[in-house]
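# Structure at a glance
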Amino acid sequence: MWATMGLAACLLGASRRPLDPVHVPVATAAAASATRGLDDAACPEGTVPDGDVCVHLSAEVDGPLAPAVPNAHRERSGRWNAYEQIPRLPDRPAAYEAYRYPVPKVAGTNPVASGYDLDRPDEAQRRGRRLTHVGHGGVDLPQPRGTPVRLVALEHQLADAEVLYAGPLFGTTVVTRHVLKEGGRDLEYVVLFGHLSSIAPGVAPGRTLKDGDLVGEVGDTGSAGFPHLHLEIRRAREGVDLGRVHAGARLVAEDVSVVMDPRNVLPLD
Ligand SMILES: [Zn+2]
């Protein structure tokens, strides 16, 4: 499946809260409420009702980059789910071809079949008959089964990465911890390598990995019939000690880490 199980763990735990204003064209909001049969009379323009709160629609698909405020999308159940995400920074290239990945790529071709879309409006986020969840918090890199997956050191990374978790999450998954120097501060990130067919020997919590070290092999665990690497990058919440988060699913919980467009920290090729 093209599903993102780990993302669900994050989104289902997302709390609801009043959101900062996000500009939405009147026509978009009106069309959205009309097609969904919602009564938006009680909510301000650009928002729709969900229980006793009003939640925002987000920015236009091809408009300016969405601000780093919580977004929302509509789950299959019909409920709006508000979440935080860190969108691509304006100085980072939009083209996925511009970056280096844990798997090989063919020069001049887009290695990403399905990109990060949590900064898009609900109606532009990934969904489909075979998908369990709405939206995509990572990038999918289709590869032949068994293709080596190698660690990529992120931009401004200070030391070797450390394995935090190896086990079931997005299918068979390895999660690594990376410390980056950003704006004079040390920030921690978690990188998820999902749907692996196997984990490389010795890759276990506590092990450090250098750029190019083998993480595992591409597979379709948790994504039957679609061998690909699901690569997801999240920023750890300040004050969270990732070394003490032992359960893999906790690493993608909203109070532990925030999902981010991976183009912000992947190295340029
Ligand atoms: Zn994916």
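## Concerning the nonpolar core
Counting residues in hydrophobic clusters, the biggest one holds 49 residues, and the most contacted among them are Val174, Val175, Val190, Phe193, Val215 and Leu251. Elements that contribute at least two residues to this core include exactly β5 (139–142), β7 (161–169), β8 (171–182), β9 (185–199), β11 (214–218), β12 (228–236) and β13 (257–260). It is β9 that contributes the most residues to this core, 7 residues altogether. When sequence neighbours within four positions are dropped, the list of residues in contact with Val175 reads Leu164, Tyr165, Val190, Val191, Leu192, Gly248 and Leu251.

## Quick look at the confidence of the model for the protein
Put simply, the protein has an average pLDDT of 80, and 73% of its residues get 70 or more. Here residues 1–40 is modelled with pLDDT under 50, and outside its nearest four sequence neighbours on either side it reaches 83 contacts, counting other chains as well. Scored below 50 in pLDDT, residues 58–69 makes 27 contacts in the model with residues more than four places away or belonging to other chains.

## Some remarks on the pairing of β9
Bridge analysis of β8 against β9 gives 10 bridges, and the strand direction is antiparallel. Within the sheet, the bridge partner assigned to Thr172 lies in β9 and is Leu196. The turn joining β8 and β9, which pair antiparallel and follow one another in sequence, is formed by 2 residues; a positive phi near 55° is taken by Gly183. Inspection of the sheet shows β9 paired to β12 by 6 bridges, in the antiparallel sense.

Cut-off values and rules
- Residues numbered from 1 in each chain as written.
- Predicted model: local features only at pLDDT ≥ 70, side-chain atom pairs only at ≥ 80, totals over all residues.
- Core = buried A, V, L, I, M, F, W, Y, C linked by C-beta atoms within 7 Å.
- Buried ≥ 20, exposed ≤ 12 C-beta atoms within 10 Å, placed from the backbone.
- Helix = DSSP H or I, 4+ residues; strand = E, 2+ residues; numbered from the N terminus.
- Contact = placed C-beta atoms within 7 Å.
- pLDDT = per-residue confidence, 0-100.
- Pairing = 2+ DSSP bridges.

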